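Residue-level structural notes
As a plain string of letters, each chain reads:
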Number of protein chains: 2
Amino acid sequence: MTNSSNIFHIEQIALLPSIGKWLCMASVVAALAGSAAAIFLMTLDHATAWREAHRWIIWLLPVAGFGVGMVYHLAGRSVERGNNLIIDEIHDPQKVIPLRMVPLVLGGTVVSHLFGASVGREGTAVQMGAALADQLTQLLRVTPEGRRVLLMAGMSAGFAAVFGTPLAGTIFGLEVLAIGRIRHDALLPCIVASLGADQVCLAWGVHHTHYAIGTIVPVGFWSVAAVIVAGIVFGLAGMAFAVSAHRVGAAAKRWISYAPLRPAIGGILIALAVWGVDAWRYTGLGIPEIVRAFQQPVSPWDFFGKMFFTVLSLGTGFKGGEVTPLFYIGATLGNALAPILHLPFAMLAGLGFVAVFAGAANTPIATTLMAIELFGPAIGPFAAIACVTAYLFSGRTGIYHAQLIGLGKH
Amino acid sequence: MTNSSNIFHIEQIALLPSIGKWLCMASVVAALAGSAAAIFLMTLDHATAWREAHRWIIWLLPVAGFGVGMVYHLAGRSVERGNNLIIDEIHDPQKVIPLRMVPLVLGGTVVSHLFGASVGREGTAVQMGAALADQLTQLLRVTPEGRRVLLMAGMSAGFAAVFGTPLAGTIFGLEVLAIGRIRHDALLPCIVASLGADQVCLAWGVHHTHYAIGTIVPVGFWSVAAVIVAGIVFGLAGMAFAVSAHRVGAAAKRWISYAPLRPAIGGILIALAVWGVDAWRYTGLGIPEIVRAFQQPVSPWDFFGKMFFTVLSLGTGFKGGEVTPLFYIGATLGNALAPILHLPFAMLAGLGFVAVFAGAANTPIATTLMAIELFGPAIGPFAAIACVTAYLFSGRTGIYHAQLIGLGKH
């Protein structure tokens, strides 16, 4: 303790070039990941609008699935593990993520959305951010330890830009790696990359959806107890999602040995199911349905429908993320729970939005910050309770199976 | 992974009684810590008002110091390590914190404030919260592992109640224990205790000071660069505070072997200095001066004056916390930096308020949340950058020397 001022001059001045280097690298990551996210979001908007105007295209989903499967089969085996590949490389650096991850996941996701699969977007943005960041590794001869931080900054930046939530993005990149702990050593690069990527994405003209959270009830015994009950339900829903996604994926691999056939058959099943039960609202991102869950009562089985279509889409090999579908599942589930728990629709929709994701991804602090960034600070204490409860009740698994078990949950 | 649904029924249902037990215990902790904080804050208000109306009382500060020193010498040796004792007990549970910690630190702090020492209040609230929480250990036969969580919940609750910031309180209780990491396993008890203690404290009629943060400039290259520069200065100030507090404390112990004489001599020095340079504004908490730093330019040496008086007060054995003086140091230092960095006074005062504390206590995430809770979400990204930069530049020490070095900072 007493020798701390002896190291003052050495340690703090030695820090300056390192900080300067990381600020430059984080800015480059921000520019790359933010631009990639912006191009992705704008393309996705067009694809979604086109699909909504030409709904017959769902019948071509098997063909699109076969195409995506074939491209990954021929050119994408090194990157098909997606987010899990990145998390593994952070834990145990082996080799640079191939740049081809960027066009493959971008193209695969846009095609999946265009033809009507039920997938998200965070996986795409996170993979693009991390793969682009990792290209600096060879260019700048980054050390293996530095490469870890670079990959975390890329994940943070992609997440921050795609949702417009820089603080949630920062903590997501740190919290997603291992269940039960956060490491502080990559904080500054992750913040600068997240904040920069968000700004770059906005500068491209991207607008993020606004969700009107309305009235938040006061903190009190009954409101907190109701939110804990809701958090348990959200956590079980997150676990059900993660477990069934793994099982459907494993079953598809076991039964259909030729990889490109998996999304083709998945596409046939999805197209028939969409047509059979008129389930248009479960295709694509479903942003209008999420917005509606903040405004009025929705069907109590909507959360299940979205879970079914998303698990089928991702499990059979369509590309995209899990998070926006988890927002959808959470918002509609929260909406359905609102009358039972005597809380406002919008408040419980907002809590479900973040908490099902918190449970499925094991990221309670990132999702609490996301709630504050998207819905304002008044939701903060309730979001913290809902996200932590969901995290506790979502079991030992999660949507990212490369995630380590840090300390255990409880 | 695939056996996760087999454990569904067992694990999730087994969790319910444990969660229920912790919710009850956290509620009791909330009631105790919140009430103690409320009584403390109300008493402190009276003591401060009385001192301001009877300024001659500063000449009795040596007598008061001797009294506080004598009481701790005779009855308080088991608890005089304060926050560090609690942190040590969490890391390595030995024996229950004596209940006498509560009246001793409460009385010692109020007397210190009444007679004009420059001390804070978080240490008092945190020690009362943790000591009261720890009394449940024997009553309910809590296991050593459970006792760790109970002590963390008590710290969180005391912090949350005294500043009116439940989310910052929650993370403070988890983040303060070790430099460089956060553990998730005590999250739910800490949230519930924090939120409850804040509500209990408000229900007693306590009002927290409102700081008007005014305009936040847009995120951009120059504003982020300026905040990084400010963060470096805030971190060095936090380190200077921590190092000089340790040194003055060690010097007082070396030179003055009879413990009660240390605050007596400290009191003489403080009274002479206050009288000599008319330094009334450095006595007590200094809330009016903190508020002023958000409104108008203040002296550029105010931060140094407050640091001098606080280090002298705490180093010679007056009781109270470090945090409100750190808010004062940070707000006035930020105010002084504002014209140089071309940023608004209030914005930099707010950033200094949290970031000097972040550097001195090594708690960057708790302080970022505190900024959002006190000043609104627009400050969030800048607060994150300032707090993390300050944390990186504050060296390997901190105001709590029982804090472990978890992973290193960078």
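**Details of the overall build of chain A**
Within chain A, the secondary structure is distributed over 16 helices and three strands. A globule of 410 residues ought to have a C-alpha radius of gyration of about 22 Å, and chain A, at 21 Å, matches this closely. Dimensions along the principal axes, computed over C-alpha positions, put chain A at roughly 75 × 55 × 40 Å. With 410 residues in all, chain A has 64% of them scored as buried. Restricting to contacts in chain A with at least 6 residues of sequence separation, those with at least 24 account for 79%. Here chain A contributes 23 positive and 18 negative side-chain charges, whose respective centroids are spaced 7 Å apart.

**Considerations on the domain arrangement of chain A**
All names here are of chain A. When the domains of chain A are assigned, the result is domain 1 (10–203) and domain 2 (221–405). Computed from C-alpha coordinates alone, the two centres of domain 1 and domain 2 are separated by 21 Å. In this complex, domain 1 contributes 49 residues to the contact, which on the side of domain 2 involves 52 residues. When the two sides are added together, the surface that domain 1 and domain 2 hide from each other amounts to roughly 4,300 Å², 69% of it contributed by carbon and sulfur. Across the domain 1-domain 2 interface, the total number found is zero salt bridges. Among the secondary structure elements, those contributing two or more residues to the side of domain 1 that touches domain 2 are α1 (8–53), α2 (61–75), α3 (83–91), α4 (101–114), α5 (122–139), α6 (144–163), α7 (166–175) and β1 (178–179).

**As for unusual backbone geometry**
All names here are of chain A. Even without being glycine, His342 reaches a positive phi, approximately 55°. Mapped onto the secondary structure, His342 falls in the loop between α13 (323–341) and α14 (345–361). The class for His342 is exposed, based on a relative accessible area of 71%.

**Quick notes on the packing of aromatic side chains**
Tallied over the entire structure, the rule returns 40 aromatic pairs over all chains. Ring centres 6.2 Å apart and planes at 40° place the aromatic pair Phe172 of chain A and Phe357 of chain A in the tilted group. In this pair, Phe172 of chain A sits in helix α7 while Phe357 of chain A sits in helix α14, placing the two residues 185 residues apart along the sequence. Comparing Phe172 of chain A with Phe357 of chain A, the two get one shared label, buried. For the ring pair Phe327 of chain B and Phe353 of chain B, a centre distance of 3.9 Å and an interplane angle of 10° mean the geometry is stacked. With Phe327 of chain B in helix α14 (residues 323–341) and Phe353 of chain B in helix α15 (residues 345–361), this pair connects stretches of sequence that are 26 residues apart. A relative accessible area of 1% means that Phe327 of chain B is categorised as buried. It is Lys319 of chain A that lies over the ring of Tyr72 of chain A; its NZ or CZ is 4.1 Å from the centre.

**Points about the pattern of salt bridges**
Residues and elements named next belong to chain A. Applying the stated rule across the entire model yields 16 salt bridges over all chains. The partner of Glu52 in a salt bridge is Arg51, and the shortest N-O contact between them spans 3.2 Å. Residue Arg51 is classed as buried on the basis of its relative accessible area of 2%. Arg292 is the salt-bridge partner of Glu289, the closest N and O atoms lying 3.7 Å from each other. Residue Glu289 and its partner Arg292 are both found in helix α11 (residues 287–293); the two are separated by three residues, about one turn of the helix.

**Quick word on the packing of helix α16 (residues 364–375) of chain B against helix α17 (residues 380–392) of chain B**
Residue and element names in this part refer to chain B. Direction vectors running N to C along α16 and α17 enclose 150°, while the axes themselves pass 9 Å from each other. Looking at the two axes, α16 sits roughly antiparallel to α17. Where α16 crosses over α17, the handedness of that crossing is right-handed. Where α16 abuts α17, its residues Pro364, Thr367, Thr368, Ala371 and Ile372 lie against Gly380, Ala383, Ala384, Cys387, Val388 and Tyr391. Its residues assigned to classes, the contact of α16 with α17 comprises eight nonpolar, three polar and no charged.

**Notes on the confidence of the model for chain A**
On average, residues of chain A score 91 in pLDDT, and 94% of them are at 70 or above. Overall, residues 1–7 of chain A carries pLDDT values under 50, and its contacts beyond four positions in sequence, including any with other chains, amount to 10 contacts.

**A closer look at the environment of Leu341 of chain A**
For Leu341 of chain A, the position within the fold is in helix α13. When sequence neighbours within four positions are dropped, the list of residues in contact with Leu341 of chain A reads Ala226, Val229, Ala230 and Leu348 of chain A.

**Remarks on the packing of helix α9 (residues 221–255) of chain A against helix α12 (residues 302–315) of chain A**
Residues and elements named next belong to chain A. One can describe the packing of α9 onto α12 by two numbers: an axis separation of 8 Å at closest approach and a directional angle of 35°. Seen along the crossing, α9 lies across α12 with a hand that is right-handed. Facing α9, whose interface residues are Ala237, Ala240, Phe241, Ser244, Ala245, Val248, Gly249 and Ala252, α12 presents Met307, Thr310, Val311, Leu314 and Gly315. Tallied by class, the residues present in the contact of α9 with α12 amount to nine nonpolar, four polar and no charged.

**As for the environment of Pro93 of chain A**
All names here are of chain A. Relative to the elements of secondary structure, Pro93 occurs in the loop between α3 and α4. With 304 residues separating them in the primary sequence, Pro93 and Thr397 have C-alpha atoms 23 Å apart. Beyond its immediate sequence surroundings of up to four residues, Pro93 is in contact with Pro144, Arg147 and Arg148.

**So, a nonpolar patch on the surface**
Residue and element names in this part refer to chain A. A surface patch of nonpolar side chains, amounting to about 880 Å² of accessible area, comprises Trp50, Trp56, Trp59, Leu60, Val63, Ile268, Leu272 and Trp275. Here the nonpolar patch takes three residues from helix α10 (residues 261–276), the largest share from any one element. As for its placement among the helices and strands, Leu60 is situated in the loop between α1 and α2.

**Some remarks on the side chain of Thr324 of chain B**
Residues and elements named next belong to chain B. Here Thr324 is to be found in helix α14. For Thr324, a relative accessible area of 0% corresponds to the buried category. Residues contacting Thr324, with those up to four places away along its chain left out, are Gly120, Arg121, Phe163, Leu285, Ile287 and Ile290.

Calculation notes
- Just so you know, the residues in each chain are numbered from 1, in the order the chain's sequence is written.
- Whichever chain is written first becomes A and whichever ligand is written first becomes 1, with later ones labelled in order.
- Residues qualify for local features only when their pLDDT is at least 70, as the model is predicted, and side-chain atom pairs are given and counted only at 80 or more; totals for whole chains, interfaces and linings, by contrast, use all residues.
- Only hydrogens and water are set aside; all other atoms, that is, all heavy atoms of the structure, feed into the side-chain values.
- In DSSP terms, a helix is any run of H or I states spanning at least four residues, a strand is any run of E spanning at least two, and both are numbered starting from the N terminus.
- Radius of gyration here is computed from C-alpha atoms only, and the compact-globule reference equals 2.2 Å multiplied by the residue count raised to the power 0.38.
- With a 1.4 Å probe rolled over the protein chains alone, any residue whose accessible area is under 20% of its type maximum counts as buried; one over 50% counts as exposed, and the rest are partly exposed.
- A contact between two residues is defined here by any heavy atoms of the two lying within 4.5 Å.
- We count Lys and Arg on the positive side and Asp and Glu on the negative side, and we leave His and both chain ends out.
- Each charge is placed at NZ for Lys, CZ for Arg, CG for Asp and CD for Glu.
- For every domain, the bounds stem from an assignment made automatically or drawn from a database.
- Note: buried area is the sum, over both parts, of the accessible area (probe 1.4 Å) each one loses when the two are combined.
- Here, a salt bridge means any side-chain nitrogen of Lys or Arg that lies within 4 Å of a carboxyl oxygen of Asp or Glu.
- Each pair of aromatic rings taken from Phe, Tyr and Trp, with Trp reduced to its six-membered ring, is defined by centres within 6.5 Å and is described as stacked if the planes are under 30 degrees apart, edge-to-face if over 60, and tilted in the remaining cases.
- By definition here, charges over rings are those cases where NZ of Lys or CZ of Arg is within 6 Å of the ring centre and within 35 degrees of the ring normal.
- Angles run from 0 to 180 degrees between N-to-C directions of axes, and those axes are lines fitted to C-alpha atoms, restricted for helices to the stretch in contact.
- Orientation categories follow fixed angle ranges, with anything under 35 degrees roughly parallel, anything over 145 roughly antiparallel, 65 to 115 roughly perpendicular, and all other angles oblique.
- Less than a right angle of anticlockwise turn of the near helix away from the far helix marks a crossing as left-handed, whereas a clockwise turn marks it as right-handed.
- Amino acids are sorted into nonpolar (Ala, Val, Leu, Ile, Met, Phe, Trp, Tyr, Cys and Pro), charged (Asp, Glu, Lys and Arg) and polar (every other residue, Gly among them).
- The score called pLDDT rates the predictor's confidence residue by residue, from a low of 0 to a high of 100.
- Like-charged residues are merged into a patch within 9 Å and nonpolar side chains (Val, Leu, Ile, Met, Phe, Trp, Tyr) within 5 Å, provided each residue has over 30% relative accessible area and no salt bridge.
- For the area figures, the Shrake-Rupley method with a 1.4 Å probe applies, and any residue is considered shielded solely by the protein chains shown.

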